[in-house]
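# Coordinates in review
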Amino acid sequence: MILGLGRLLVLSLAGMLQAYRRAGNKAFDPLRIARATAGGLLPSFRPGAVRWFLSTGSLIFHLGLILVPLFLHGHIRLWEKGIGLAWRSLPGVWADALSFGVIGAGLGLLGGRIFYLPSRSISRQQDFLLPLLILAVFISGLLAAHPPWNPFSYSSTLLVHVLAGDLLLMLMPCSKLSHAVLWPFRHLATELAWRFPPDAGPKILATLGKEDKV
């Protein structure tokens, strides 16, 4: 996971640097790009209940997906036992609330993918399978952390949790989950990608077959 995500990040930064060097206009507003990046994390309040529901669910889903694995007390204890590193953990109530949030939002987003035609029409297989895998990780983790709620044996529940979690980590560099690392650079990459080299105009017209429109 670390090597794969590191490779994607290095390639993306190298591509952005190359685009900047070739750009005719090198002036851009970093504050505007930072505002656009931060704004992309917030729910959309544009008209339309479905859009608001999906964007709010996505925010809850991503917050829990990042915070619970990194700041769950049991996970931090494993890091401490393995390599001696430890940091402050989330209170158990917060971790449970975020886990329930991920499960509820994940079911809602999956339902949106299935039943909302505009969303279903642009969805790929991984858009359905990844949420199911994430739900398996969080449901099994929640059950393993609370044995009184668990109708299955602890060992089998923990096995499902560990194997599903490992699979999720392996898939991160080669799936849409890679945006966990690439997201902060999304708007910067878009900004630089549309800065064409100074001699690009005639080549674009030639490609479009519109040389006579100059």
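Note that the structure is a prediction, hence the values are computed from the model and not measured.

### Focus: the side chain of Ser175
The residue Ser175 is located in the loop between α8 (154-171) and α9 (179-182) in this model. Non-local contacts of Ser175, meaning those with residues more than four positions away in its chain, are made with Gln126 and Leu130.

### Comments concerning the confidence of the model for the protein chain
Chain-level statistics for the protein chain give a pLDDT mean of 82 and a share of 82% at 70 or above. Taken element by element, the protein chain is modelled with least confidence in helix α10 (residues 186-193), mean pLDDT 70, and with most confidence in α8, mean pLDDT 95.

### A short note on the environment of Ser153
Counting through the fold element by element, Ser153 comes out in the loop between α7 (125-145) and α8. Take Ser153: its relative accessible area is 38%, and that puts it in the partly exposed class. Along the backbone, Ser153 and Leu143 are ten residues apart, and their C-alpha atoms lie at a distance of 9.8 Å.

### Notes on the packing of helix α5 (residues 92-115) against α7
Two elements in contact, α5 and α7, have axes whose closest approach is 10 Å; the angle formed by their N-to-C orientations is 155°. With respect to α7, the element α5 is oriented roughly antiparallel. As for the relative orientation of α5 and α7, their crossing is left-handed in sense. Listed contacts from α7 to Asp96, Ser99, Phe100, Val102, Ile103, Gly106, Leu107, Leu110, Arg113 and Ile114 of α5 are Asp127, Phe128, Pro131, Leu132, Ile134, Leu135, Phe138, Ile139 and Leu142. Within the contact of α5 with α7, the residues separate by chemical class into 14 nonpolar, two polar and three charged.

Reading the values: rules and limits
- The residue numbering used here restarts from 1 in each chain and proceeds along that chain's sequence as written.
- The model is predicted, so local features are restricted to residues of pLDDT at least 70 and side-chain atom pairs to those at 80 or more, both for listing and for counting; the totals for chains, interfaces and linings are taken over all residues.
- Computation of side-chain values covers all heavy atoms of the structure but excludes hydrogens and water.
- A run of DSSP states H or I qualifies as a helix once it reaches four residues; a run of E qualifies as a strand once it reaches two. Both are numbered from the N-terminal end.
- Any pair of residues with heavy atoms lying within 4.5 Å of one another is described as a contacting pair.
- As a per-residue measure, pLDDT reflects the predictor's confidence and takes values from 0 up to 100.
- The buried label applies to any residue whose accessible area, calculated with a 1.4 Å probe on protein chains only, is under 20% of its type's maximum; exposed applies above 50%, and partly exposed to all values in between.
- Axis lines are fitted through C-alpha atoms, for helices just across the contact stretch, and the angle between N-to-C directions can take any value from 0 to 180 degrees.
- When an angle is under 35 degrees it counts as roughly parallel; over 145 it counts as roughly antiparallel; between 65 and 115 it counts as roughly perpendicular; any other value is oblique.
- When the near helix sits turned anticlockwise from the far one by under a right angle, the crossing is termed left-handed; a clockwise turn instead gives a right-handed crossing.
- Residues are grouped as follows: nonpolar covers Ala, Val, Leu, Ile, Met, Phe, Trp, Tyr, Cys and Pro; charged covers Asp, Glu, Lys and Arg; every other residue, Gly included, is treated as polar.

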